[in-house]
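Read off the chains here:
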Amino acid sequence: MPFDSLDDIRAFCRDLPGGDQRFADMAAHHQQNLTKPPGSLGRLEELAIWLAQWQGREKPRLERVTIAVFVGNHGVASRGVSAYPQAVTAQMVANFAAGGAAINQIAKAAAAELCVVPIELERPTHDFTEAAAMSPEEYLEAVDAGYRTVPDDCDLLAVGEMGIANTTAAAMLCAALLGGGAARWAGRGTGVDDDGLARKRAAIETALNFHRGILGDPLAVAAALGGRELAAIAGAGLAARQHNVPVLLDGFVATAAVLPLARLDASALDHCRAGHVSAESGHRDLLREMRLLPLLDLDMRLGEASGAGVAILLARAALACHAGMATFTEAGVSGAGD
């Protein structure tokens with residue numbers, strides 16, 4: 001296990017490895033010489049330069065792309081905060097394995113390896129309205145499960161999740177770490193009705209009061225108020241940073257999962273981009289708080305890394321232009337100022 005204590009994670013986040021700015025500068029210079037007006041490909045150019053920085057290549061590649069979907073169950077589901085029963089979590093894992101989910105199709109289209117990681121589904125976290133969801137040791141085990149999922153030779157990682165009631169856990173982390181209470185962060189998730197939304201918000205407010213003594217500690221909050229799949233996403237983010245792997249975050253839950261890391265150090269997510277902004281209530285506000293600009297806005301709210309998976313296609317388009325376009329000299333085209 002790379003982290004034996006919460007303090008180990010804190011120490012890692014105080015001394016983060018960085019991307020190589022030299023390659024970002026080389027990629028930016030290359031962009032200036034391609035047969036187009038400077039900046040005319042907009043954020044596709046920025047995406048290629050960001051990938052160059054974290055891969056350490058002037059011309060990045062996407063030969064090994066991994067989509068990791070982490071799956072967990074939540075004790076707070078017993079509070080009636082989801083429109084679906086908890087049994088759906090394991091049923092969806094079976095659907096992933098059979099190739100029947102949206103992310104299976106998106107992974108094929110994006111030429112990405114899909115890795116689904118269920119984490120102790122038979123043992124949901126505790127109901128955080130009356131106890132800590134996880135002990136520090138349980139949290140570290142889930143972080144380790146995520147950390148071990150990331151191949152060190154991965155060119156790009158997309159992370160997502162599945163777990164009944166996990167939008168409640170995500171909203172819980174946001175309320176605990178960013179303030180504003182349940183009303184600001186709790187949305188309808190899987191489609192709960194007004195009564196379900198009221199139960200969801202009541203559970204969050206109860207937990208905020210019960211755990212008020214730890215709200216200043218991001219990792220204590222992540223353990224006591226999060227979930228195993230959220231912890232695993234954080235672990236995958238830490239592994240990716242260790243190996244200089246760029247990361248595409250999925251929706252509200254995946255973004256909330258790495259919020260504790262961002263609260264430890266403002267630069268902790270420099271190797272991450274938001275694949276999309278979800279239609280789930282709170283995600284746009286969360287991205288704004290974390291200064292993450294989403295690549296796509298498609299009104300998606302499925303989870304399971306579907307938005308981040310679609311963003312892989314955008315990254316492939318960015319690199320196809322970056323590596324495949326002719327320079328002005330190669331094409332015999334007059335450049336600016338010629």
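Note that this is a predicted model, so its numbers are computed, not measured. (Residues numbered from 1 in each chain as written. Predicted model: local features only at pLDDT ≥ 70, side-chain atom pairs only at ≥ 80, totals over all residues. Heavy atoms only, no water.)

Caption draft 1: Molecular detail of the side chain of Thr 125. Position of Thr 125 among the secondary structure elements: in the loop between β2 (113–118) and α6 (136–147). Filtering out sequence-adjacent residues up to four positions away, Thr 125 remains in contact with Asn 73, His 74, Gly 75, Ala 133, Met 134, Gly 227 and Arg 228. (Helix = DSSP H or I, 4+ residues; strand = E, 2+ residues; numbered from the N terminus. Contact = heavy atoms within 4.5 Å.)

Caption draft 2: The arrangement of unusual backbone geometry in detail. Positive phi is not limited to glycine here, since Glu 304 has a value of about 50°. Mapped onto the elements, Glu 304 comes out in the loop between α13 (283–290) and α14 (306–324). Residue Glu 304 is classed as buried on the basis of its relative accessible area, which comes to 4%. A positive phi angle, close to 65°, is found at Ala 305, a residue other than glycine. Considering the arrangement of structural elements, one finds Ala 305 in the loop between α13 and α14. (Buried < 20%, exposed > 50% of the residue type's maximum accessible area, 1.4 Å probe, protein only.)

Caption draft 3: Quick look at the packing of helix α12 (residues 252–264) against α13. Relative to each other, α12 and α13 sit at 25°, their axes nearing to 10 Å. On the basis of their axis angle, the class for α12 and α13 is roughly parallel. For the pair α12 and α13, the sense of crossing is left-handed. In this structure, α12 uses Phe 252, Thr 255, Ala 256, Val 258, Leu 259 and Ala 262 to contact α13, whose residues at the interface are His 283, Leu 286, Leu 287 and Met 290. Of the residues assigned to the contact of α12 with α13, the class counts are 8 nonpolar, 2 polar and no charged. (Axes fitted to C-alpha atoms, helices over the stretch in contact; angles between N-to-C directions. Parallel < 35°, antiparallel > 145°, perpendicular 65-115°, else oblique. Left-handed = near helix turned anticlockwise from the far one by under 90°. Nonpolar A, V, L, I, M, F, W, Y, C, P; charged D, E, K, R; others polar.)

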